[in-house]
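Commentary on secondary and tertiary structure
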Amino acid sequence: MWAYTVGFTVLPHVGGFLGWFMNRKEIPVWYEKLKKPSWCPSRKIFPVAWTVLYTGMGYASYLIWNDLGGCSGKAIVPLGLYGAQLALNWAWSPFFFGARNLKLALIDILCLDGLAIGTMCSWYRINKVAALLLVPYLGWLAMATCLTIRIWKDNPEQKPGKGE
């Protein structure tokens, strides 16, 4: 069973790593030039935070999968919500850094917030520890959502034909 534990725990890191790898050159070139609020965390904090958060949510997903007997009919909603929020989590970096589309990144993270809350609520009835492992993630998402809103508001995107 340890292979399942490791697999579920590592899975969230895959998309996070790919998002970073694909967009790593945009951070010093574009992101650093954006107007950001004074409470914006240092760039050095993000990889540490996401390592902890992805590990916690991955292990929590294993607990849910295990408690529901694997990929059973009972697991469709709780693990489906988890998979959907994880996909939106992974999509945020390409929207924000890759496409430089702050509005799309904002829409993504707002939808992500709802799915992450739904995931935690659906998990709470199954395994309280798994649900509680998502609390730091939801806290970070709240900060990331506020940060995305502020960056979107403070950095109006150039419209084609304007400001050129």
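Quick summary incoming for the structure in this document. (Residues numbered from 1 in each chain as written. Predicted model: local features only at pLDDT ≥ 70, side-chain atom pairs only at ≥ 80, totals over all residues. Heavy atoms only, no water.)

Here's the deal with the overall build of the chain
The number of helices and strands found in the chain is seven helices and zero strands. Order of helices (α) and strands (β) in the chain, N terminus to C terminus: α-α-α-α-α-α-α. Here the C-alpha coordinates of the chain stretch approximately 60 × 25 × 25 Å along the principal axes. Across the chain, the fraction of contacts at a sequence separation of at least 24, relative to all contacts at a separation of at least 6, is 79%. When the accessible surface of the chain is split by element, carbon and sulfur atoms take 70% of a total near 9,300 Å². (Helix = DSSP H or I, 4+ residues; strand = E, 2+ residues; numbered from the N terminus. Contact = heavy atoms within 4.5 Å. Areas by Shrake-Rupley, 256 points an atom, 1.4 Å probe, with all protein chains shown as cover.)

Some points on helix α7 (residues 135–154)
The terminal C-alpha atoms of α7, which comprises 20 residues, lie 29 Å apart, in line with the 28 Å expected from a rise of 1.5 Å per residue. Looking at the buried positions of α7, the neighbouring elements they touch are α3 (45–67), α4 (76–98) and α5 (102–124). (Expected span 1.5 Å × (residues − 1).)

As for the nonpolar core
Residues Y31, F96, W123 and Y137 are the most contacted members of the largest nonpolar core, which totals 42 residues. Only α3, α4, α5, α6 (128–133) and α7 provide two or more residues apiece to this core. The leading source of residues in this core is α3, at 10 residues. (Core = buried A, V, L, I, M, F, W, Y, C linked by side-chain atoms within 4.5 Å. Buried < 20%, exposed > 50% of the residue type's maximum accessible area, 1.4 Å probe, protein only.)

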